[in-house]
Amino acid sequence: MDQENVVQDVSVEIDGQIHTASYFVENGTIHANLGNQTYLLPIGPVPANEAVKSLIAGTLRRRGFRATLARKWFSHDVK
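Description of the structure in this document. This structure is a prediction, so every number in the text was calculated from the model and none was measured.

The next point concerns the pattern of salt bridges. Taken as a whole and judged by the stated rule, the model has 1 salt bridge. The partner of Glu50 in a salt bridge is Lys53, with the nearest N and O atoms 3.6 Å apart. Of this pair, Glu50 and Lys53 both sit in helix α1 (residues 48-74), 3 residues apart, which is roughly one turn of that helix.

So this is what it looks like as structure tokens:
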């Protein structure tokens, strides 16, 4: 059981870089701060720290995908 109202940090290493998020659990909801954004996740069968690690990994994958797409889009010469 996750302890309510206690702020905790969790870190994930991806591509040699360590990414950290803070989170706490309140009223069955995980409140996670990643960068300048707050995410709300419902408590599920996975412990809160594992859910936040998945959130970090998913957010970074999505950012990487968008950055790759933007590089492809803007790398074409406009004539």
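Further remarks concern the side chain of His31. Following the sequence through the fold, His31 ends up in strand β3 (residues 29-34). We classify His31 as buried; its relative accessible area is 18%. If we ignore the near neighbours within four places in the chain, the residues touching His31 are Ser22, Tyr23, Phe24, Glu26, Tyr39 and Leu40.

Positionally, Val6 belongs in the segment before β1 (8-14). Remark: the alpha-carbon pair of Val6 and Tyr23, spanning 17 residues in sequence, is separated by 8.2 Å. If we skip the residues at most four places from it in the chain, Val6 touches Tyr23 and Phe24.

Attention now goes to the nonpolar core. With 14 residues, the main nonpolar core has Tyr23, Ile30, Val52 and Ile56 as its most contacted residues. Only β1, β2 (17-26), β3, β4 (37-42) and α1 provide two or more residues apiece to this core. The element best represented in this core is α1, accounting for 4 residues. Leaving out residues up to four positions away in the same chain, Ile56 has contacts with Val10, Val12, His19, Thr20, Ala21 and Leu34.

What counts and what doesn't
- Residues numbered from 1 in each chain as written.
- Predicted model: local features only at pLDDT ≥ 70, side-chain atom pairs only at ≥ 80, totals over all residues.
- Heavy atoms only, no water.
- Salt bridge = Lys/Arg side-chain N within 4 Å of Asp/Glu carboxyl O.
- Helix = DSSP H or I, 4+ residues; strand = E, 2+ residues; numbered from the N terminus.
- Buried < 20%, exposed > 50% of the residue type's maximum accessible area, 1.4 Å probe, protein only.
- Contact = heavy atoms within 4.5 Å.
- Core = buried A, V, L, I, M, F, W, Y, C linked by side-chain atoms within 4.5 Å.

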